[in-house]
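Structural features, examined
Letter by letter, the chains look like this.
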Amino acid sequence: MKIRIASSIALAAAIALGASGCTLIAPQATLIPYAPSDGVDVTVDGVNVRNLMLIADETGENFNVVFSSVNLTGQEHDLTITFTGKGSETARAEFTIPTGNTRFGNPDGAEVPVLVTIPGLESGQTVDAYFQTQKSSEKQKFVPVLDGEHEEYADYVLPADFSKKNDNASEAAKKKAAEDAKASDTKINDDNTTESDTSN
């Protein structure tokens, strides 16, 4: 009887080891880091770029650079992303990453969306991207290109004239800043006018 019990225990142990033994030599897929969405993740110089993707505008020729950043370094970082298309075609996007959590690409957000143009690139493809800050070496990722087919990305599909409107707004802001600076200088000069100057 004891021999039978011992044999049963030995058989059960052998089956258990055979069923789980593969995990001893093969990596577990659940332990491999991955982006839990359509975009890609990358960390550069302490700045975490999360769920990065390109979303085509209404023309399908320009692409909104959409991602979230987490910057816990305590200081702003300038991030450059260089996208490489077919052949030698490249497009460069530059961002200033504030501290904390920031969303880029949202037309209703605080950060103005940045568009890139890469000839021949279409939604459904991926594009080679290189990430770099002032102090870091380049890191490479393949970035997915999407469009407004999925409802969750529809708000990030920018109108065809977005770039033109944005350029006009920037010029208007620069002009107003120059006018304000000129008015401020004039006021300072007026305040410096002496009584002897007014008497003459």
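In this report, the structure presented in the accompanying data block is examined. None of the values given here were measured: they were computed from a predicted structure.

Calculation rules
- Residues numbered from 1 in each chain as written.
- Predicted model: local features only at pLDDT ≥ 70, side-chain atom pairs only at ≥ 80, totals over all residues.
- Heavy atoms only, no water.
- Phe/Tyr/Trp six-rings, centres within 6.5 Å; stacked < 30°, edge-to-face > 60°.
- Helix = DSSP H or I, 4+ residues; strand = E, 2+ residues; numbered from the N terminus.
- Buried < 20%, exposed > 50% of the residue type's maximum accessible area, 1.4 Å probe, protein only.
- Patch = residues over 30% accessible without salt bridge, like charges linked within 9 Å, V, L, I, M, F, W, Y side chains within 5 Å.
- Areas by Shrake-Rupley, 256 points an atom, 1.4 Å probe, with all protein chains shown as cover.
- Salt bridge = Lys/Arg side-chain N within 4 Å of Asp/Glu carboxyl O.
- Lys, Arg positive; Asp, Glu negative; His and termini not counted.
- Charge placed at Lys NZ, Arg CZ, Asp CG, Glu CD.
- Contact = heavy atoms within 4.5 Å.
- Pairing = 2+ DSSP bridges.

A few points about the packing of aromatic side chains
For any pair of aromatic rings, the description consists of the separation of the ring centres together with the inter-plane angle of the planes. Per the stated rule, a full pass over the model turns up three aromatic pairs. Summarising the aromatic geometry, the rings of F67 and F104 are spaced 4.7 Å apart at their centres and angled 20° between planes, so their arrangement reads as stacked. Here F67 is found in strand β3 (residues 62-71), whereas its partner F104 is found in strand β6 (residues 100-104), with 37 residues between them in sequence. Assigned by exposure class, F67 and F104 land together as buried. Judged by centre distance (5.4 Å) and plane angle (75°), the ring pair of F95 and F104 falls under edge-to-face. Side by side, F95 and F104 carry an identical accessibility label, which is buried. Chaining the aromatic ring pairs together yields one cluster made of F67, F95 and F104.

Brief notes about a negative patch on the surface
On the surface, D38, D108, E151, E152 and D155 cluster together to form a negatively charged patch. Assignment of secondary structure puts E152 in the loop between β9 (139-146) and α3 (162-191).

Examining the environment of G148
Assignment of secondary structure puts G148 in the loop between β9 and α3. When the C-alpha positions of G148 and L158 are compared, they lie 9.7 Å apart, and in sequence the two are 10 residues distant. With residues up to four places along the chain from it excluded, the contact list for G148 reads A154 and V157.

Remarks on the pairing of strand β1 (residues 40-44)
As a general feature of sheets, a regular strand has side chains that alternate between the two faces. Side chains V40, V42 and V44 of β1 all project onto a buried face; the interleaved residues D41 and T43 project onto a face where none is buried. Where β1 lies against strand β2 (residues 47-56), four bridges are found, and the strand directions are antiparallel. The residue of β2 that forms the bridge with T43 is N48.

Considerations on unusual backbone geometry
A positive phi angle, close to 55°, is found at D45, a residue other than glycine. Structurally, the position occupied by D45 is in the loop between β1 and β2. Look at N51: it is not a glycine, yet its phi comes out positive at around 55°. By the element assignment, N51 lies in strand β2. Judged by its relative accessible area of 19%, N51 falls in the buried class.

Describing the environment of F131
Assignment of secondary structure puts F131 in strand β8 (residues 126-132). Note: C-alpha distance between F131 and T43 (88 residues apart in sequence) is 8.9 Å. F131 has contacts with V42, V44, L52, L79, T80, I81, S137, E138, K139, K141 and V143, leaving out every residue within four places of it along the chain.

These results come straight from atomic positions and should not be treated as a statement about function.
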